[in-house]
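Tertiary structure, described
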4 protein chains.
Amino acid sequence: MSNILGKVVTVTLFGESHGPEIGCVIDGLAAGVKINMDFMRAQMEKRRAKGDISTKRREPDNVIFKSGVFNGYTTGTPVCLIIENTSVNSADYSKTESFLRPGHADYTAHIKYHGFEDARGGGHFSGRLTAPLVAAASIFIDLFKGRGINIVTHIASCAGVEDIGFSDDPFIFSEQLNLLSGKDFAVLDDDAGLRMYEKIERAAKEGDSVGGILETVITGIPAGIGEPFFDSVESMIAHALFSIPAVKGIEFGTGFGFAEKKGSEANDAFVTDGKKIYTKTNNNAGINGGITNGMPVILRTVVKPTPSVYVPQQTVNIRTMENATIQIHGRHDPCILHRAAVVQDSLCALVLADLVTQAAGLSWQEGKSWITD
Amino acid sequence: MSNILGKVVTVTLFGESHGPEIGCVIDGLAAGVKINMDFMRAQMEKRRAKGDISTKRREPDNVIFKSGVFNGYTTGTPVCLIIENTSVNSADYSKTESFLRPGHADYTAHIKYHGFEDARGGGHFSGRLTAPLVAAASIFIDLFKGRGINIVTHIASCAGVEDIGFSDDPFIFSEQLNLLSGKDFAVLDDDAGLRMYEKIERAAKEGDSVGGILETVITGIPAGIGEPFFDSVESMIAHALFSIPAVKGIEFGTGFGFAEKKGSEANDAFVTDGKKIYTKTNNNAGINGGITNGMPVILRTVVKPTPSVYVPQQTVNIRTMENATIQIHGRHDPCILHRAAVVQDSLCALVLADLVTQAAGLSWQEGKSWITD
Amino acid sequence: MSNILGKVVTVTLFGESHGPEIGCVIDGLAAGVKINMDFMRAQMEKRRAKGDISTKRREPDNVIFKSGVFNGYTTGTPVCLIIENTSVNSADYSKTESFLRPGHADYTAHIKYHGFEDARGGGHFSGRLTAPLVAAASIFIDLFKGRGINIVTHIASCAGVEDIGFSDDPFIFSEQLNLLSGKDFAVLDDDAGLRMYEKIERAAKEGDSVGGILETVITGIPAGIGEPFFDSVESMIAHALFSIPAVKGIEFGTGFGFAEKKGSEANDAFVTDGKKIYTKTNNNAGINGGITNGMPVILRTVVKPTPSVYVPQQTVNIRTMENATIQIHGRHDPCILHRAAVVQDSLCALVLADLVTQAAGLSWQEGKSWITD
Amino acid sequence: MSNILGKVVTVTLFGESHGPEIGCVIDGLAAGVKINMDFMRAQMEKRRAKGDISTKRREPDNVIFKSGVFNGYTTGTPVCLIIENTSVNSADYSKTESFLRPGHADYTAHIKYHGFEDARGGGHFSGRLTAPLVAAASIFIDLFKGRGINIVTHIASCAGVEDIGFSDDPFIFSEQLNLLSGKDFAVLDDDAGLRMYEKIERAAKEGDSVGGILETVITGIPAGIGEPFFDSVESMIAHALFSIPAVKGIEFGTGFGFAEKKGSEANDAFVTDGKKIYTKTNNNAGINGGITNGMPVILRTVVKPTPSVYVPQQTVNIRTMENATIQIHGRHDPCILHRAAVVQDSLCALVLADLVTQAAGLSWQEGKSWITD
């Protein structure tokens with residue numbers, strides 16, 4: 001607890017890496033939403049392991065609806081969707097089962113669940129649990145696109161190699177976002193992408209892994225979204241993104257760069273064309289006082305290198321309480337950045353779905369209709 | 001909405017900068033807790049503006065209990081505490097009231113609340129709202145201290161000047177924490193503190209402001225705290241800390257430094273003395289899979305420079321929808337880092353109070369008592 | 001815990017009978033709502049003790065806003081309102097303080113709060129805590145009236161004397177509702193009211209008390225309000241009304257009368273005039289499957305006689321754990337039905353405010369605007 | 001929304017009557033609980049249609065675990081359980097699909113979900129949705145039994161025939177509870193049961209249906225359970241029980257009988273044997289001020305006759321908006337009381353599981369351990 005995300009649009013998550021299936025229940029999704037299965041499949045494909053820089057655990061990850069969808073449209077009642085686990089090899093784990101894997105949740109889960117946890121493949125703590133979240137969020141991302149809201153993530157840096165940044169020119173910026181949407185390995189600069197790829201391959205060969213930084217841009221979000229005092233846009237997005245196993249930091253806009261800025265440099269001046277209000281710069285990432293101001297929301301997360309490395313590591317045998325050495329077997333990702341990009345998009349979408357629904361609530365003001373007809 | 005933080009220990013916040021009083025209601029605080037008024041006053045004193053590097057708005061910030069405390073002990077029913085606003089000067093704001101202050105919530109609040117917001121002094125978005133949170137949290141911090149859990153924050157950097165880091169030597173580390181607890185301007189290295197002080201004074205003279213980084217260490221927290229999947233320790237702390245106006249980034253342990261590390265470097269090896277399990281390093285900040293592992297929880301936030309600067313700034317007159325120049329009056333902080341340190345401690349304490357209460361819930365296992373007697 | 005009612009429109013309640021003040025914080029109330037102070041005072045007056053059939057504890061019950069209201073309109077941020085306790089006489093309680101008052105929460109509060117509860121006047125369990133709820137709800141009742149939604153309660157029976165029922169004739173029915181709105185002692189038949197009054201006076205003289213049944217009618221509520229599966233209109237209203245100390249039963253429409261009906265008699269046939277759909281009868285109280293169908297919502301609660309009676313009662317001295325006899329002193333109500341009527345209206349209004357706000361949420365359907373402008 | 005019940009022990013419900021499966025996700029259930037499959041099957045069997053007084057829709061209702069159970073014990077992470085719909089005959093519904101069935105949620109669902117609802121067999125509003133709740137609750141009922149807490153429901157009246165009441169003699173009372181636990185048609189007096197049976201058969205022959213009253217007794221619940229102000233035991237149980245389609249009223253203890261009682265008669269005197277405190281009578285159903293006092297919790301609900309009757313009924317064709325006559329086809333229950341009894345037990349158990357977990361929370365008092373070891 002709590003495996004429920006959200007307040008008025010909620011997602012309840014369940015499943016373990018080596019159980020029969022993983023899934024989630026979406027509640028609070030309005031009736032009459034057409035499910036875009038092609039888009040959902042495309043999103044799932046982005047998250048799926050493939051190529052030679054991902055785990056060899058390969059599964060089709062077909063999404064099956066168990067409730068809440070009728071004749072292709074949502075019914076308004078809970079949507080349960082599941083994904084079967086079809087490539088489970090628990091034998092790999094049984095060899096090392098009482099040895100705590102460093103960087104994993106083995107030890108903390110053991111303490112929290114008194115040894116009753118399903119530790120196979122990380123159990124409920126596995127990154128595999130993000131698959132149903134991607135499926136669920138694809139419904140909202142598709143709706144957002146239809147309303148001019150886009151969420152795009154690129155690999156800002158991987159194993160020390162940096163991607164180029166977004167352009168200040170609105171036209172190029174827009175092209176960059178379009179370009180990224182279609183990519184499996186989401187970088188703006190394909191040369192940088194190749195160098196990242198090589199670094200990942202090299203780490204894989206060494207039985208090691210690499211991390212990096214993911215940068216997300218949300219455009220088209222209207223002003224006025226976010227709930228003070230505690231449910232600011234930053235609070236809500238950070239809450240959701242720290243659910244991704246491996247995320248250990250987040251910053252918005254100028255982020256940690258603010259530490260060396262003066263107030264006169266950090267503030268974003270307001271300008272108007274007489275109709276709409278903009279900011280000249282966007283240091284604050286489209287968020288003032290926790291509420292969107294209509295400019296793009298920009299954030300970066302750091303994703304630590306995957307803890308499953310094949311080099312021998314010092315650890316403890318929890319059964320005998322003796323120091324030991326572990327050598328991990330099984331199939332693991334030397335890098336998850338490229339697969340995590342769509343997960344980051346997805347969690348941002350789930351948070352925004354919840355926040356825009358809250359913001360769209362009842363207006364009690366005079367002269368305004370207060371119940372949607 | 002939502003002005004309620006927490007699930008089983010909740011804090012409901014209310015008030016505006018220029019209203020009669022600000023306060024909060026704590027629900028879920030057990031009966032029989034002795035209120036340590038001296039400690040509460042000491043915590044409030046840390047947050048209070050004083051000296052020449054803070055706003056000239058000076059208030060006693062006496063905490064008054066309106067409910068939930070009887071004969072010095074909590075009753076178990078809601079604790080309402082309030083602080084009166086005694087030094088309000090709304091005239092300063094009326095001069096510039098239709099001019100949106102850059103970096104503030106003026107514009108976003110205007111959009112969200114359709115012009116009905118109380119914009120004086122930032123209204124509900126004012127940093128002043130953190131005062132009742134410090135008061136409420138002091139109850140929990142005091143309880144935590146009695147159980148060997150300490151939360152300490154220092155100014156890791158201010159206006160580009162860096163404080164020294166914590167020592168690896170456990171004895172010195174422990175002394176450093178003790179030392180910091182008593183300080184108004186929380187730095188480990190007083191020389192660095194002096195240089196920060198000078199930078200703040202210089203910025204103040206220039207009508208400008210500075211930002212920096214706050215680093216918090218939580219020691220003594222037992223293993224097993226934190227709730228997967230969505231309510232990880234990182235998620236919950238980040239959620240709370242992004243409520244602090246000005247926080248724009250957070251990282252745990254090695255944080256953004258993970259981007260250039262390999263998995264073999266990032267993992268913290270487990271070791272045991274046969275009784276207890278430790279990690280040799282603490283890159284993961286005492287948190288694996290979102291759950292505490294018993295090592296210190298370490299985090300850093302970036303605090304942007306206060307947006308209230310006296311230099312003229314470009315903005316929009318929201319009434320006439322014309323571009324304009326604003327020159328802010330009133331009394332403002334050229335730096336809030338030193339005052340924000342105790343706020344950061346406080347929000348961490350509120351989150352931990354909620355999480356440890358959840359973790360202490362009912363045990364259904366055989367042979368265990370299931371209701372506390 | 002939990003002293004918070006509601007999900008998107010929340011009320012956080014605090015205070016004790018003999019503390020300095022009682023109050024609540026409303027969160028989720030939209031900006032721009034004009035506070036109708038005259039109406040609020042009128043509602044408070046209905047709940048206030050007066051005449052010779054109520055407690056002699058008499059207080060002005062002035063409502064003071066501490067936040068969230070600016071220039072007479074709501075700001076959109078939390079509204080804190082309080083009422084001072086001005087007529088506290090704790091001496092009455094100290095005489096009998098270790099003797100558990102039968103029918104009160106003395107014993108259960110003692111167990112739950114380990115003796116730290118503020119037992120004076122019932123503390124947090126006092127019916128006095130309903131005063132801030134009436135104040136808060138008056139804002140919503142006033143808004144509802146402006147939109148054609150009316151909530152009216154009458155004393156359906158008191159001490160065995162029954163009021164007449166509502167008329168089937170829509171015109172007379174409407175007149176009856178209007179008439180009730182203005183009454184302090186809300187009965188349709190004033191003769192029955194007089195007989196109730198006499199019964200109450202007689203019980204008062206005997207040092208005893210009486211109970212009865214309150215019937216509430218909600219008209220004008222549109223179809224489609226209520227949230228399956230667990231937050232049906234019946235679930236939500238019942239949840240709120242059982243918060244009123246003394247309510248021990250609730251039924252909707254035909255209620256317990258359904259036990260002897262056949263399905264063919266219990267169903268309400270649908271009819272249409274080609275534009276709108278009605279039901280011919282209203283056995284189901286305007287609720288099908290937990291959701292409103294547009295017909296009046298009708299419910300009855302049973303209010304037990306006030307437990308504070310002056311006759312000697314057998315009890316236990318909790319300090320000495322000996323059997324004893326208690327004779328209660330202090331000022332008490334021989335009947336609370338007439339004062340509870342407006343409390344029942346108020347809790348229904350708070351529930352409806354929450355439910356209509358939820359129902360008015362975001363529409364994601366094609367061709368519909370999804371964010372209120 | 002909301003299809004989530006509970007705060008710290010939550011159940012998220014999903015599914016439709018004619019979808020592939022129905023199920024729920026339990027979160028907050030501690031690790032290490034042994035699943036008693038035999039008991040779960042026995043509970044499911046009580047709810048299952050069988051004999052000639054139930055619908056002819058017959059399904060095995062096997063419970064399948066999809067997550068959260070490993071080697072027969074709970075893991076501490078979410079338990080997803082499902083039941084397949086194996087006997088679906090949607091053809092029956094297609095004949096009458098645009099005709100609103102009186103007493104059902106057809107009309108209100110249509111309004112709420114704009115025609116996108118899955119109306120087949122009542123969709124998400126079907127009583128079939130109670131099956132996963134019975135399965136989930138069986139885990140808690142089994143745990144409660146192991147700790148001396150029993151929840152038992154009997155048919156207090158059906159179609160006007162009354163069962164005998166519980167005995168005042170504690171020994172006989174205890175025997176009555178034992179006896180009821182094993183019965184499919186839960187009555188104390190088998191003769192009355194036979195007469196009820198005949199009434200149901202007669203109604204079935206007439207194409208009609210009957211209702212009645214269910215009485216539940218919860219014994220062994222310790223004092224101190226329940227959360228003021230809004231989450232009283234009555235509030236929480238009523239909230240849950242009104243989720244059962246067909247429940248239209250609830251009363252605790254003396255219930256509506258309190259309307260004609262005096263305070264001196266209604267109060268339950270406290271008595272002690274020097275060790276424990278009891279009440280001499282139990283008019284207040286083991287609940288004072290919303291909190292349990294250790295005496296049995298007793299409640300009665302009224303269950304309206306099932307709305308699916310075969311006699312022709314007046315209704316509206318929602319497609320053409322014309323008045324019409326409907327004759328319902330399909331397989332329906334002439335009475336659901338005997339099947340609803342275990343559902344009532346189950347929802348009480350889910351509420352109690354949530355409340356006892358909350359009550360067992362952290363103790364902050366001096367000298368008490370505050371984290372379970």
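Note that the structure is predicted; figures quoted are calculated from it, not measured.

Observations regarding the interface of chain A and chain B
Interface size is often expressed as the accessible area that is lost when the parts come together. Counting from both sides, the interface comprises 109 residues of chain A and, opposite them, 108 residues of chain B. Summing both partners gives a buried area of about 8500 Å² for chain A against chain B, and 61% of it is carried by carbon and sulfur. The three residues of chain A that bury the most area against chain B are A:Phe229, A:Phe230 and A:Lys248, which together make up 11% of that side's buried surface. There are 6 salt bridges connecting chain A and chain B. Between B:Lys262 and A:Glu206 there is a salt bridge; the shortest N-O distance is 3.1 Å.

A word on the relation of the copies chain D and chain C
It takes a turn of 180° to lay chain D on chain C, together with a shift of 0.0 Å along the axis; the resulting RMSD is 0.0 Å. Here the symmetry operator amounts to a two-fold rotation axis. Counting the interface residues of chain D, we find that 100% of their copies in chain C are interface residues as well, pointing to one common contact surface.

Re the relation of the copies chain A and chain B
When chain A is fitted to chain B, the residual RMSD is 0.0 Å, and the transformation amounts to a turn of 180° plus an axial shift of 0.0 Å. Of the residues that chain A buries at the interface, 99% are likewise interface residues in chain B, meaning the two copies contact each other through the same surface.

Notes on the sheet that holds strand β9 (residues 161-162) of chain C
The antiparallel open sheet is built from 10 strands, whose spatial order is β9(C)-β8(C)-β10(C)-β16(C)-β11(C)-β11(D)-β16(D)-β10(D)-β8(D)-β9(D). Only two strands of the sheet have a single neighbouring strand rather than two, namely β9 of chain C together with β9 (161-162) of chain D. Pairing analysis gives 3 bridges linking strand β11 (residues 247-252) of chain C to strand β11 (residues 247-252) of chain D, with the strands arranged antiparallel. Note on β11(D): the bridge partner recorded for C:Gly249 is D:Glu251.

With respect to the side chain of B:Arg339
Of note, B:Arg339 is situated in helix α9 (residues 337-359). At a separation of 2.9 Å, a polar atom in the side chain of B:Arg339 contacts the side chain of B:Asp333.

Describing helix α1 (residues 37-47) of chain B
All names here are of chain B. Inspection of α1 places Phe39, Met40, Gln43, Met44, Lys46 and Arg47 among the buried residues, and these make up the whole buried set. For α1, the angular spread of buried residues about the axis comes to 155°, placing them on one side. Each element contacted by the buried residues of α1 is listed here: β4 (64-67), β7 (79-84), α4 (130-146), α5 (170-181) and α9. With a side-chain oxygen positioned 3.3 Å from the backbone nitrogen of Asp38, the residue opening α1 is Asn36.

Points about the pairing of strand β16 (residues 297-303) of chain B
Residues and elements named next belong to chain B. The buried count for β16 comes to 7 of 7 residues, which makes it a mostly enclosed element. The side-chain alternation of β16 yields two buried faces, one formed by Val297, Leu299, Thr301 and Val303 and the other by Ile298, Arg300 and Val302. Summarising the sheet, strand β10 (residues 212-219) and β16 pair through 7 bridges and their orientation is antiparallel. In the strand pairing of β16, Thr216 is matched with Leu299. Of the strand pairs in this sheet, strand β11 (residues 247-252) and β16 are connected by 5 bridges, and their pairing is antiparallel. When the bridges of β16 are listed, Glu251 appears paired with Arg300.

So, the packing of aromatic side chains
This model, assessed by the stated rule, comprises 30 aromatic pairs over all chains. Seen from their ring centres, A:Phe252 and B:Phe242 are 5.3 Å apart, and the 85° between their planes marks the pair as edge-to-face. Here A:Phe252, found in strand β11 (residues 247-252), pairs with B:Phe242, found in the loop between α7 (233-241) and β11, and the two come from separate chains. The pair formed by A:Phe252 and B:Phe242 is uniform in burial state, with each residue classed as buried.

Considerations on unusual backbone geometry
All names here are of chain B. Residues Pro228 and Phe229 are joined by a peptide bond in cis, for which omega reads 0°. Mapped onto the fold, Phe229 is located in the loop between β10 and α7. Phi angles above zero are rare outside glycine, and His114 is one such case at about 55°. As for its position among the elements, His114 is in the loop between α3 (106-113) and α4. In this structure His114 comes out as partly exposed when scored by relative accessible area, which is 39%.

Considerations on the nonpolar core
Counting residues in each nonpolar core, the largest one holds 336 residues, and the members touching the most others are A:Ile237, B:Ile237, C:Ile237 and D:Ile237. Not counting residues within four places of it along the chain, the set of residues in contact with D:Ile237 comprises D:Ile218, D:Ile250, D:Phe252, D:Val297, D:Leu299, D:Cys348 and D:Val351.

Describing the state of the cysteines
Residue and element names in this part refer to chain C. With the rule as written, the count across this model stands at 0 disulfides over all chains. Sulfur of Cys24: no disulfide; nearest cysteine sulfur belongs to Cys80 and is 7.4 Å away. For Cys24, a relative accessible area of 0% translates into the label buried. Note on Cys335: no disulfide assigned, nearest cysteine sulfur contributed by Cys158 at a separation of 4.1 Å. Residue classification places Cys335 among the buried positions, given a relative accessible area of 0%.

A short note on the environment of A:Asp189
Residues and elements named next belong to chain A. Here Asp189 is to be found in the loop between α5 (170-181) and α6 (190-205). When its relative accessible area of 21% is taken as the criterion, Asp189 is described as partly exposed. Placed 33 residues apart in sequence, Asp189 and Ala156 show a C-alpha to C-alpha distance of 9.9 Å. Within polar-contact distance, the side chain of Asp189 engages the backbone nitrogen of Asp191 at 2.9 Å.

Brief notes about the interface of chain D and chain C
Listed per partner, the contact involves 108 residues of chain D and 109 residues of chain C. Between chain D and chain C the total buried area reaches about 8500 Å² when both faces are included, carbon and sulfur atoms providing 61% of it. In terms of surface lost to chain C, no three residues of chain D exceed D:Phe229, D:Phe230 and D:Lys248, which account for 11% of the buried area on that side. Summed over the shared surface of chain D and chain C, the number is 6 salt bridges. With a closest N to O distance of 2.9 Å, D:Glu234 and C:Lys248 form a salt bridge. Where chain D packs against chain C, one counts 51 residue pairs in polar contact (both at pLDDT 80 or more). Looking at the side of chain D that touches chain C residue by residue, the classes come out as 48 nonpolar, 40 polar and 20 charged.

Looking at the pattern of salt bridges
In the structure shown here, the tally under the stated rule is 64 salt bridges over all chains. A:Lys112 is paired through a salt bridge with B:Glu227; the nearest N and O atoms lie 3.0 Å apart. With A:Lys112 in helix α3 (residues 106-113) and B:Glu227 in the loop between β10 and α7, this pair bridges two chains. For the pair A:Lys112 and B:Glu227, one class covers both residues: buried. The partner of A:Asp333 in a salt bridge is A:Arg339, with the nearest N and O atoms 2.9 Å apart.

Let's talk about the pairing of strand β10 (residues 212-219) of chain A
Within β10(A), 8 of the 8 residues are buried, leaving the element largely enclosed by the surrounding structure. Of the two faces of β10(A), the one lined by A:Gly212, A:Leu214, A:Thr216 and A:Ile218 and the one lined by A:Ile213, A:Glu215, A:Val217 and A:Thr219 are each fully buried.

Points about the confidence of the model for chain A
All names here are of chain A. Here chain A shows a mean pLDDT of 92. Residues at 70 or above account for 95%. Note on residues 362-373: pLDDT is under 50 here. Beyond four places in sequence and across chains, it has 40 contacts. As scored by the predictor, the complex reaches a pTM of 0.96 and an ipTM of 0.96.

Describing the sheet that holds strand β7 (residues 79-84) of chain A
Adjacent strands of a sheet form backbone hydrogen bonds with each other and so pair up, either parallel or antiparallel. Residues and elements named next belong to chain A. An order of β1-β2-β3-β7-β4 is seen for the 5 strands of this open sheet, with the pairing classed as antiparallel. At either margin of the open sheet sits one strand with a lone partner, and together these are β1 (4-5) and β4 (64-67). Bridge count between strand β3 (residues 21-27) and β7: 6 bridges; the pairing is antiparallel. Among the inter-strand pairings, Glu21 is bridged to a residue of β7, identified as Glu84.

Quick word on the side chain of D:Asp354
Residues and elements named next belong to chain D. The topology assignment puts Asp354 in helix α9 (residues 337-359). In this structure Asp354 is buried but unpaired, with Lys7 as the nearest side chain of opposite charge at 7.2 Å. Leaving out residues up to four positions away in the same chain, Asp354 has contacts with Gly6, Lys7, Val8, Val9 and Met236.

Definitions and cut-offs
- Residues numbered from 1 in each chain as written.
- Chains lettered and ligands numbered in written order.
- Predicted model: local features only at pLDDT ≥ 70, side-chain atom pairs only at ≥ 80, totals over all residues.
- Heavy atoms only, no water.
- Contact = heavy atoms within 4.5 Å.
- Buried area = accessible area lost by both parts, 1.4 Å probe.
- Salt bridge = Lys/Arg side-chain N within 4 Å of Asp/Glu carboxyl O.
- Least-squares fit on C-alpha atoms with pLDDT ≥ 70 in both.
- Pairing = 2+ DSSP bridges.
- Helix = DSSP H or I, 4+ residues; strand = E, 2+ residues; numbered from the N terminus.
- Polar contact = N/O pair within 3.5 Å; in protein donor to acceptor, adjacent residues only side chain to side chain.
- Buried < 20%, exposed > 50% of the residue type's maximum accessible area, 1.4 Å probe, protein only.
- Arc of directions from axis to C-beta.
- Phe/Tyr/Trp six-rings, centres within 6.5 Å; stacked < 30°, edge-to-face > 60°.
- Core = buried A, V, L, I, M, F, W, Y, C linked by side-chain atoms within 4.5 Å.
- Disulfide = S-S within 2.5 Å.
- Nonpolar A, V, L, I, M, F, W, Y, C, P; charged D, E, K, R; others polar.
- pLDDT = per-residue confidence, 0-100.
- Lys, Arg positive; Asp, Glu negative; His and termini not counted.

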